[in-house]
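# Observations on chain architecture
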Number of protein chains: 2
Amino acid sequence: MQADNVNKPLLTEIDHIAIAVSDLESAISWYKTMFGATVAHREMVVRDGVEEALLAVADSYIQLISPRQRDSSVAKFLERHGEGIHHVGYRVDSVESTLEHLREAGARLIDSTGRPGSRGTTVAFVHPRGSFGTLIELVEVH
Amino acid sequence: MQADNVNKPLLTEIDHIAIAVSDLESAISWYKTMFGATVAHREMVVRDGVEEALLAVADSYIQLISPRQRDSSVAKFLERHGEGIHHVGYRVDSVESTLEHLREAGARLIDSTGRPGSRGTTVAFVHPRGSFGTLIELVEVH
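Cut-offs used in this document
- Residues numbered from 1 in each chain as written.
- Chains lettered and ligands numbered in written order.
- Predicted model: local features only at pLDDT ≥ 70, side-chain atom pairs only at ≥ 80, totals over all residues.
- Heavy atoms only, no water.
- Core = buried A, V, L, I, M, F, W, Y, C linked by side-chain atoms within 4.5 Å.
- Buried < 20%, exposed > 50% of the residue type's maximum accessible area, 1.4 Å probe, protein only.
- Contact = heavy atoms within 4.5 Å.
- Helix = DSSP H or I, 4+ residues; strand = E, 2+ residues; numbered from the N terminus.
- Arc of directions from axis to C-beta.
- Polar contact = N/O pair within 3.5 Å; in protein donor to acceptor, adjacent residues only side chain to side chain.
- Least-squares fit on C-alpha atoms with pLDDT ≥ 70 in both.
- Buried area = accessible area lost by both parts, 1.4 Å probe.
- Salt bridge = Lys/Arg side-chain N within 4 Å of Asp/Glu carboxyl O.
- Pairing = 2+ DSSP bridges.
- Axes fitted to C-alpha atoms, helices over the stretch in contact; angles between N-to-C directions.
- Phe/Tyr/Trp six-rings, centres within 6.5 Å; stacked < 30°, edge-to-face > 60°.

## Points about the nonpolar core
Ranked by internal contacts, the top residues of the largest apolar core, which has 62 residues, are Y31, I62 and L64 of chain A together with Y31, I62 and L64 of chain B. Sequence-distant contacts of L64 of chain A, defined by excluding residues within four places in its chain, comprise I19, V21, L24, A27, I28, Y31, E51, E52, A53 and L55 of chain A.

As structure tokens, this is what we get:
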């Protein structure tokens, strides 16, 4: 990628806002009662040690995530911060080319290459210490 | 509103993901360099003691907010938590009718009625203690 690519928006959609919760069922129930939001997709993401429920909001999702392994990063997040917004996922056309551009532009990356996400997506995370405290996930939908 | 309204989705779009930053110019510059994101709207929101910059992502925004008054809630957030995701804003058809439903359903509200937001919107906040640690803003676009 060349430098002029920064003039083309790379983020095509807010894919999801991820919220870490202790009790997934209670959170699903709350969003149903309060906002009529229903589960569009549910998945045990073994690699990340979490179970997730996606509630559709237009072309985006509220992603409720709850730890299913004690040593998962989401379990540690809950211990340190309690429940709350965990990260934001942005849709991109290509995780690999976005990572390449970010690397050249000096971003601090968690994942140096794309890896499997839920729903058959490819994802990669950008480190919050280099991005104003925000854990950013890049999501490529196939 | 009747109880059956929970079957109709009330959240029509992720309006914005709000990120509290100390230095607004640096954050704007970072999102431009990394993602080619540009400022669609910028406003001094005197009532909230913040300056905001909205970066468009599809029909949603990244809302960068930076305190312009020392006693603003965002200034306190930065002191306690540092930079990071501050809240999520969801678009609704009507803030008042959504608040009425939330009140009946037992949600904990910060604003009991809609108030002016940026961009000429009407907004209201739901308390994070009643919503799994997530500060939720309802946004009605006129």
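## Observations concerning helix α3 (residues 95–105) of chain B
Every buried residue of α3 of chain B is listed here: V95, T98, L99, H101 and L102 of chain B. Axial view of α3 of chain B: buried residues confined to an arc of 165°, hence all on one face. Structurally, α3 of chain B contributes buried residues whose contacts are with α1 (24–35) of chain A together with β7 (122–126) and β8 (136–140) of chain B. For α3 of chain B, the capping residue at the N-terminal end is S94 of chain B, with a side-chain oxygen 3.5 Å from the backbone nitrogen of E96 of chain B.

## Structural notes on the relation of the copies chain A and chain B
When chain A is brought onto chain B, the operation consists of a screw motion whose angular component is 180° and whose axial shift is 0.0 Å, with 0.0 Å RMSD remaining. Viewed as a symmetry operation, the transformation between the two copies matches a two-fold axis. When each C-alpha of chain A is compared by its distance to the rotation axis, I85 of chain A comes out closest, at 3.6 Å. Comparing contact sets, 100% of the residues at the interface of chain A also lie at the interface in chain B, consistent with an isologous, same-surface contact.

## Brief notes about helix α2 (residues 73–81) of chain A
All names here are of chain A. Taken together, the buried positions of α2 are occupied by V74, A75, F77 and L78. The buried side chains of α2 occupy one side of the element, clustering within an arc of 160° when seen end-on. Opposite its buried face, α2 presents the exposed residues E79 and R80, each directed more than 90 degrees away. Taken together, the buried residues of α2 touch β1 (13–20), β3 (50–57), β4 (60–67) and β5 (84–91).

## Focus on the interface of chain A and chain B
Listed as interface residues are 46 residues of chain A and, on the opposing side, 47 residues of chain B. At the boundary of chain A with chain B, total buried surface from both sides reaches about 3700 Å², with 70% on carbon and sulfur atoms. A per-residue breakdown of the area chain A buries against chain B is headed by M34, F35 and F132 of chain A, which together make up 22% of the total. Taken together, the links from chain A to chain B amount to zero salt bridges.

## Structural notes on the sheet that holds strand β2 (residues 39–45) of chain B
Residues and elements named next belong to chain B. Pairing within the open sheet is mixed, and its eight strands lie in the order β2-β3-β4-β1-β5-β8-β7-β6. Strands with a single pairing partner mark the edges of an open sheet, and in this sheet they are β2 and β6 (115–116). Pairing between β7 and β8: five bridges, direction antiparallel. When the sheet's bridge partners are listed, V126 is paired in β8 with I136. Running over the sheet, α3 touches β7 and β8 and is turned about 145° from β8.

## Regarding the environment of T12 of chain B
Checked against the element boundaries, T12 of chain B lands in the segment before β1 (13–20). You can call T12 of chain B partly exposed: its relative accessible area is 33%. Taking the C-alpha atoms as reference points, T12 of chain B and V139 of chain B, separated by 127 residues in sequence, lie 10.0 Å from one another. Here T12 of chain B is in contact with V57 and A58 of chain A together with R91, V92 and D93 of chain B, once residues within four sequence places are set aside.

## Remarks on the packing of aromatic side chains
According to the stated counting rule, one finds eight aromatic pairs over all chains in the structure shown. Between Y31 of chain A and F35 of chain A the ring centres are 6.1 Å apart and the planes differ by 40°, which places this aromatic pair in the tilted class. One end of the pair, Y31 of chain A, and the other, F35 of chain A, are both in helix α1, four residues apart, so they sit about a helical turn from each other. You'll find Y31 of chain A and F35 of chain A in the same group, each marked buried. An aromatic cluster of at least three residues, connected via ring pairs, comprises W30, Y31 and F35 of chain A together with F132 of chain B.

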